[in-house]
Amino acid sequence: ALVEQQNMLQKNAYLEIQAQQYHKLQAHVQETSRLRHDFRHQLTVLAEMLKTQSYPEMEQYLKQYISSVSGTPLLYCSSSAVNAILNHYTAICQASGISIQLSIRLKERCSIEDIDFCVLLGNLLENAIDGCRHLQEEQRHITLTVLQSAEHILVLQIRNPYEGTLLIQKGKLLSSKHEGEGQGLKSVQMIAEKYNGVLRLQHEKQMFNVKVLLNL
């Protein structure tokens, strides 16, 4: 019992670190949202230029503003936190020349906690992005499917190509950056266990496939 309690404390501590990283990301997203909210002030400037018929200045102002503001966030589900994470990593993919395809089919209410869901998605997407970085640009692509197949069953699958050789030991992917298991998939495994689920890793023909099933 003491050993199990100690293991649980270690897992909780590790997930707490991941949660802190998630909160930092949320703060960044909120700051970006604030900048978009300030768009109404930009409209005031444009309206004044239009009134005075300052068309060349107006055109230049619009060009500068468009280049400084990222695209409008997409809504994938009812959770603003999950939408923020997906938009964040989609933007990273676009900046890195990685094609990404998302298929998100969730019910209005999902029993998984937002922090767990975001840590899960964040780690999976970050690993996939890392796997694509060293490939030729035309080879870089990620496919993420999230499906709530039943009221209490959530299935995630993410696929990406990779270069080199994967080191998998006893069903665990070893890190290429340090000794031992990769920290991202370790977090995914912990969250899968928390929800009485399973994590499966597959690789074939230089394609890495991660499947997660959660029992909500």
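Anything mentioned here points back to the structure above.
Quick caveat: nothing in here was measured; it's all calculated off a predicted structure.

Engineer: Could you give an account of the nonpolar core, naming the residues involved and the relevant values?
Structural biologist: Phe 117, Leu 120, Leu 121, Leu 124, Leu 156, Val 210 and Val 212 are the most contacted members of the largest nonpolar core, which totals 39 residues. The set of elements that each furnish at least two residues to this core consists of helix H4 (80-95), helix H5 (114-132), strand E2 (141-150), strand E3 (153-161), helix H6 (183-194), strand E6 (198-204) and strand E7 (207-215). Excluding residues within four positions of it along the chain, Leu 156 makes contact with Phe 117, Leu 120, Leu 121, Leu 124, Thr 145, Val 146, Val 210, Lys 211 and Val 212.

Engineer: I'd like to hear about the pairing of E6, residue by residue, with values.
Structural biologist: Note that E6 and E7 share 7 bridges and pair antiparallel. In the strand pairing of E7, Gln 202 is matched with Asn 209.

Engineer: Which residues make up unusual backbone geometry, and what are the values?
Structural biologist: Although it is not a glycine, Gln 53 sits at a positive phi angle of roughly 60 degrees. Along the chain, Gln 53 falls in the loop between helix H2 (39-51) and helix H3 (55-68).

Engineer: Account for the pairing of E2, with residues named and values stated.
Structural biologist: Taken residue by residue, a regular strand's side chains alternate between the two faces of the sheet. Pairing of strand E1 (residues 99-105) with E2, which is carried by 7 bridges, proceeds in the parallel orientation. Considered in E2, the bridge of Leu 102 is made with Leu 144. With H5 bridging E1 and its parallel neighbour E2, the resulting β-α-β unit is left-handed. The sheet contact formed by E2 and E3 spans 7 bridges and is antiparallel.

Engineer: Provide a residue-level description of the environment of Glu 137, including the pertinent values.
Structural biologist: Inspection of the secondary structure puts Glu 137 in the loop between H5 and E2. Judged by its relative accessible area of 53%, Glu 137 is exposed. A sequence separation of 39 residues divides Glu 137 from Ile 98, and the C-alpha atoms of the two residues are 6.9 Å apart.

Engineer: A description of the packing of H4 against H5 should follow, citing residues and the corresponding values.
Structural biologist: Helix-helix packing is described using two parameters, namely the angle between the two axes and the distance between the axes. Where H4 meets H5, the axes come as close as 9 Å, and the angle between the chain directions of the two elements is 10 degrees. By the angle between their axes, H4 is roughly parallel relative to H5. Between H4, through Ala 81, Val 82, Ile 85, Leu 86, Tyr 89, Ile 92 and Cys 93, and H5, the contact on the second element is made entirely by Asp 114, Phe 117, Cys 118, Leu 121, Gly 122, Leu 125, Glu 126 and Ile 129. Considered class by class, the residues forming the contact of H4 with H5 number 12 nonpolar, 1 polar and 2 charged.

Engineer: Give a detailed account of the environment of Pro 161, specifying residues and quantitative values.
Structural biologist: Among the secondary structure elements, Pro 161 is positioned in strand E3. With relative accessibility at 8%, the residue Pro 161 sits in the buried group. Distance from Pro 161 to Gln 139, taken between C-alpha atoms, is 7.4 Å for residues 22 residues apart in sequence. With residues up to four places along the chain from it excluded, the contact list for Pro 161 reads Gly 131, Cys 132, Leu 135, Gln 139, His 141, Gln 206 and Met 207.

Engineer: Which residues make up the sheet that holds E7, and what are the values?
Structural biologist: The sheet built from 5 strands is open, its strands ordered E1-E2-E3-E7-E6 with mixed pairing. Strand pairing shows two members of the sheet lacking a second neighbour, E1 and E6, which therefore form its edges. With strand direction ignored, the average angle separating the axes of adjacent strands in the sheet is 10 degrees. Sitting on the sheet, H4 is in contact with E1 and E2, with an inclination near 160 degrees to E1. Along the sheet, H5 contacts E1, E2, E3 and E7; its crossing angle with E3, the most-contacted strand, is approximately 15 degrees.

Procedures and definitions
- Residues numbered from 1 in each chain as written.
- Predicted model: local features only at pLDDT ≥ 70, side-chain atom pairs only at ≥ 80, totals over all residues.
- Heavy atoms only, no water.
- Core = buried A, V, L, I, M, F, W, Y, C linked by side-chain atoms within 4.5 Å.
- Buried < 20%, exposed > 50% of the residue type's maximum accessible area, 1.4 Å probe, protein only.
- Helix = DSSP H or I, 4+ residues; strand = E, 2+ residues; numbered from the N terminus.
- Contact = heavy atoms within 4.5 Å.
- Pairing = 2+ DSSP bridges.
- Right-handed = clockwise from strand over helix to strand, strands pointing away.
- Axes fitted to C-alpha atoms, helices over the stretch in contact; angles between N-to-C directions.
- Parallel < 35°, antiparallel > 145°, perpendicular 65-115°, else oblique.
- Nonpolar A, V, L, I, M, F, W, Y, C, P; charged D, E, K, R; others polar.

Read these as spatial facts, not as claims about activity.
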